[in-house]
Amino acid sequence: TSSLATTFLDLPLANPLMNASGVWCSVASQLEALLESESGAMVTKSCTLDPRNGNPEPRYRVLDGNKPWGSINSMGLPNEGFPYYLRYTERHDYETKPLFISISGLTLDDNLAMVDSLKDAVTPAILEINLSCPNVPGKAQLGYDFDAMDTLLAEVTSGYGQRQLGVKLPPYFDIAHFDEAAAILNRYPSVAFVTCINSIGNALVIDINTESVIIKPKDGFGGLGGDYVLPTALANVNAFYRRCPEKAVIGCGGVKSGHEAFLHILAGATLVQMGTALYEEGPGIFTRVKAELLEIMKQKGYENLADFHGKLKTL
Ligand SMILES: O=C1NC(=O)NC(C(=O)O)N1
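Everything in this summary refers to the structure shown in the same document. (Residues numbered from 1 in each chain as written. Predicted model: local features only at pLDDT ≥ 70, side-chain atom pairs only at ≥ 80, totals over all residues. Heavy atoms only, no water.)

Here we take up the overall build of the protein chain. The number of helices and strands found in the protein chain is nine helices and 16 strands. Relative to a compact globule of 315 residues, whose C-alpha radius of gyration would be 20 Å, the protein chain shows 18 Å and is just as compact. With the principal axes as the frame, the protein chain shows a C-alpha extent of 55 × 50 × 40 Å. Put simply, of all contacts in the protein chain between residues at least 6 apart along the chain, 73% involve residues at least 24 apart. As displayed, the protein chain has an accessible area near 13,300 Å², and 52% of this comes from carbon and sulfur atoms. In the protein chain, 25 positive and 35 negative side-chain charges are present, and the distance between their average locations comes to 3 Å. (Helix = DSSP H or I, 4+ residues; strand = E, 2+ residues; numbered from the N terminus. Rg over C-alpha atoms; globule rule 2.2 N^0.38 Å. Contact = heavy atoms within 4.5 Å. Areas by Shrake-Rupley, 256 points an atom, 1.4 Å probe, with all protein chains shown as cover. Lys, Arg positive; Asp, Glu negative; His and termini not counted. Charge placed at Lys NZ, Arg CZ, Asp CG, Glu CD.)

Time to look at the site of the ligand. Around the ligand, a shell composed of Lys45, Asn73, Met75, Gly76, Leu77, Pro78, Asn130, Cys133, Pro134, Asn135, Asn198 and Ser199 is seen. Within the contact set of the ligand, an oxygen atom lies 3.2 Å away from a backbone nitrogen or oxygen of Met75. Taking Leu77, its main chain carries an N or O atom lying 2.7 Å from an oxygen atom of the ligand. Isolated, the ligand exposes 290 Å² of accessible area, and the fraction of that covered by the protein chains is 91%. Comparing atom positions with the cavity grids shows the ligand to sit within the largest pocket. Its residues placed into classes, the shell around the ligand shows five nonpolar, six polar and one charged. (Near = heavy atom within 4 Å. Polar contact = N/O pair within 3.5 Å; in protein donor to acceptor, adjacent residues only side chain to side chain. 1 Å grid on protein atoms, 1.4 Å probe; cavity = no way out; pocket = protein on both sides within 12 Å on 5 of 7 lines; lining within 4 Å. Sits in = over half its atoms within 2 Å of the grid points. Nonpolar A, V, L, I, M, F, W, Y, C, P; charged D, E, K, R; others polar.)

So, on to the environment of Lys67. Take Lys67: it is sitting in the loop between strand S5 (60-63) and strand S6 (70-73). Along the chain, Lys67 and Thr48 lie 19 residues apart, while their C-alpha atoms are 35 Å from each other.

Turning our eyes to something else, we now look at the packing of aromatic side chains. Counting across every chain of the model gives 12 aromatic pairs. Seen in terms of ring centroids, Tyr84 and Tyr85 are 5.2 Å apart; in terms of plane orientation they differ by 70°. Their pairing is edge-to-face. What makes Tyr84 partly exposed here is its relative accessible area of 22%. Exposure remark for Tyr85: the relative accessible area of 0% places this residue in the buried category. Through successive ring pairs, a cluster of aromatic residues spans Tyr144, Phe146, Tyr172, Phe178 and Phe240. (Phe/Tyr/Trp six-rings, centres within 6.5 Å; stacked < 30°, edge-to-face > 60°. Buried < 20%, exposed > 50% of the residue type's maximum accessible area, 1.4 Å probe, protein only.)

Most of strand S15 (residues 248-252) is tucked away, with five of its five residues classed as buried. Relative to S15, strand S10 (residues 191-196) runs parallel, the two being bridged by four bridges. Within the sheet, the bridge partner assigned to Val194 lies in S15 and is Val249. As defined by bridge partners, S15 adjoins strand S16 (residues 269-274) across four bridges and the pair is classed as parallel. Bridging across to S16, Val249 finds its partner in Ala269. Taken together, S15, helix H7 (residues 258-267) and S16 constitute a β-α-β crossover, and its handedness is right-handed. (Pairing = 2+ DSSP bridges. Right-handed = clockwise from strand over helix to strand, strands pointing away.)

Another aspect to go through is the nonpolar core. In this structure, Ile103, Leu127, Met149, Leu153, Leu169 and Phe240 are the most contacted members of the largest nonpolar core, which totals 79 residues. In terms of residues, this core owes the most to one element, helix H6 (residues 230-243), which gives six residues. Excluding anything up to four places from it in sequence, Leu153 contacts Val167, Ile184, Leu185, Tyr188 and Val191. (Core = buried A, V, L, I, M, F, W, Y, C linked by side-chain atoms within 4.5 Å.)

A separate point is a nonpolar patch on the surface. A cluster of nonpolar side chains, Leu204, Ile206, Val213 and Phe221, forms an exposed patch at the surface whose accessible area comes to about 320 Å². Along the polypeptide, Val213 turns up in strand S13 (residues 212-213). (Patch = residues over 30% accessible without salt bridge, like charges linked within 9 Å, V, L, I, M, F, W, Y side chains within 5 Å. Salt bridge = Lys/Arg side-chain N within 4 Å of Asp/Glu carboxyl O.)

This part takes up the pattern of salt bridges. Summed over the entire model, instances satisfying the criterion amount to nine salt bridges. For Arg59, the salt bridge is made with Glu57, and the minimal N-O distance between the two is 3.9 Å. The salt bridge partner of Glu292 is Arg288, with a shortest N-O separation of 2.9 Å. Here Glu292 and its partner Arg288 are both found in helix H9 (residues 285-300), four residues apart, which amounts to about one turn of the helix.

Here we come to the packing of helix H5 (residues 175-185) against H6. Any two packed helices are characterised by the angle at which their axes cross and by the distance between the axes. Packing of H5 against H6 leaves a shortest axis separation of 10 Å and a crossing angle of 50°. Judged by the angle between their axes, H5 and H6 are oblique. For H5 against H6, the interelement crossing comes out right-handed. For the pair H5 and H6, the contacting residues are Ile175, Phe178, Asp179, Ala181, Ala182 and Leu185 in the first and Ala235, Asn236, Ala239, Phe240 and Arg243 in the second. Here the residues of the contact of H5 with H6 sort into eight nonpolar, one polar and two charged. (Axes fitted to C-alpha atoms, helices over the stretch in contact; angles between N-to-C directions. Parallel < 35°, antiparallel > 145°, perpendicular 65-115°, else oblique. Left-handed = near helix turned anticlockwise from the far one by under 90°.)

What follows is the structure, encoded as structure tokens:
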């Protein structure tokens, strides 16, 4: 019989599925629901040092009238503030499943302050630094500023005492950018994983009936998720899988069933995150996608994830 069991940074996981940071993970009740769900791991909402209200609403819309299906969001990093999530890491049940904590400081100093507190806390939570929020007005994505990304990683890795951590990357769309980003990341061995991708930033969805944009912030420009981003997500997963052999890749983008989870793992993802589909279906989705992924593996005669992990064929 097939098994979904896997390991990540030497931690055992019952399965490779987890939430994408930002979805169903902003407050304790949501985090508790993820803990009780069948996800193999979970991550908190990217936090800033201080609590934030985020952007004005409407700031999230699901695009389910047409095919393909997806979402657009410009949340603007609403969160309870770093201390709230640090307190959650102190009461999480790590025997049940691993916990990631995501941070997205508004300044380098804020990121360093949060990293410093995490180092002192000696928590088993795994740090995922968000370099790719596209929705804070006036803030460019760190992942698209290679010098700033390099500086941040130099300071954060030394601040974190070379403890293993990961980064949440924006999608790249140019081979030269895959090369340059990977070259920077490979200079930091303690960056043990990369999560690809965050939403495709600053898309614009227009409603023909109202002749209007559909979200309020930034004149309607927001991060795209769902079916629309799957091919770009798979490309980024595979590009960093090929370029960073010493690092693990977490896949995120366009996963709504066992089918896309299988594709992400084939492309090189060790774990797979769900955002839009989780937002719409709720934590029960993990039970469904687990069963679907197992069924696909059974049909193909794969007993475990290693049988097909990263084994994408080329022509
Ligand atoms: O990193 C992020 N990606 C998104 O698509 N949205 C959120 C946000 O806007 O808070 N942050």
